[in-house]
Amino acid sequence: MSVGETTITIVGNLAGDPELRFTTSGAAIAKFSVASTPRSYDKTTGQWQDGTAMFLRCTAWRDLANHVAESLTKGMRVVVTGRLRQHNWKTDQGENRSMLALEVDDIGPSLRFATAKVDRVQRNGAATGPATDAWNTAAPAGAGATGDEPPF
């Protein structure tokens, strides 16, 4: 990441299934859109009102692209963090056009209204699981709590 890049986090629903493709060099790329609709409570009517939906085109690369394509489907609520990019081009008629898109750094399902089961991915031949998990360490003998008390 460079200095001065615009990073944002967006919460919304996938507008469609992620599209997984590969570059000529073999790098995976997943493209998808996230729809985010603001809601506000109208005290006069006592009801929630939907605002104008914003659709943001997102691109994930390499391993992240594969994980997105394997894990997420249309309609899922997601939390996406990335770098905002502006794409500029000229139409055949010579008109200037631009579009904002998000280059995804991280994405996951929103757990506000759902649950998820996470499967760790094995990288570079390193084993995963309890034996090699740095957070899975037993307390030294005689240390910690007794009975049902936590060790901290």
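The preceding data block contains the structure.
Report follows, based on the coordinates.

## Here's the deal with helix α1 (residues 62-71)
Step number 1: Buried within α1 are the following residues: Leu 64, Ala 65 and Val 68. Summarising the axial view, the buried residues of α1 lie within an arc of 105°, below the 170-degree limit, and thus occupy one face. Turned more than 90 degrees away from the buried face of α1, the exposed residues are Arg 62 and Glu 70.

## Details of the nonpolar core
Burial of nonpolar side chains together is a common tendency in soluble globular proteins.
Step number 1: Phe 32, Val 34, Ala 60, Val 68, Val 80, Val 104 and Ile 107 are the most contacted members of the largest nonpolar core, which totals 18 residues.
Step number 2: Counting residues per element, the ones that place at least two in this core are β1 (7-14), β3 (28-36), β6 (54-61), α1, β7 (77-90) and β8 (96-109).
Step number 3: For this core, the leading source of residues is β3, giving 4 residues.

## Some thoughts on the side chain of Thr 59
Step number 1: The residue Thr 59 is located in strand β6 in this model.
Step number 2: Excluding residues that lie within four positions of it along the chain, Thr 59 makes contacts with Ile 29, Ala 30, Lys 31, Leu 102, Glu 103 and Val 104.

## Section: the layout of surface pockets
Step number 1: For the largest pocket, the calculated volume is near 640 Å³.
Step number 2: Lining of the largest pocket is provided by 23 residues; of these, Ser 71, Ile 107, Gly 108, Pro 109 and Val 118 occupy positions nearest its centre.
Step number 3: Elements with a contribution of two residues or more to the lining of the largest pocket: α1 and β8.
Step number 4: For the lining of the largest pocket, the residue count by class is 12 nonpolar, 5 polar and 6 charged.
Step number 5: Elements with a contribution of two residues or more to the lining of the second largest pocket: β1 and β3.
Step number 6: Residue contributions to the lining of the second largest pocket peak at 3 residues, all from β1.
Step number 7: The residue inventory of the lining of the second largest pocket, partitioned by class, reads 3 nonpolar, 4 polar and 3 charged.

Cut-offs and rules
Residues numbered from 1 in each chain as written. Predicted model: local features only at pLDDT ≥ 70, side-chain atom pairs only at ≥ 80, totals over all residues. Heavy atoms only, no water. Buried < 20%, exposed > 50% of the residue type's maximum accessible area, 1.4 Å probe, protein only. Helix = DSSP H or I, 4+ residues; strand = E, 2+ residues; numbered from the N terminus. Arc of directions from axis to C-beta. Core = buried A, V, L, I, M, F, W, Y, C linked by side-chain atoms within 4.5 Å. Contact = heavy atoms within 4.5 Å. 1 Å grid on protein atoms, 1.4 Å probe; cavity = no way out; pocket = protein on both sides within 12 Å on 5 of 7 lines; lining within 4 Å. Points joined across faces, edges and corners; volume = space filled by probe spheres on them. Nonpolar A, V, L, I, M, F, W, Y, C, P; charged D, E, K, R; others polar.

Structural measurements only, silent on function.
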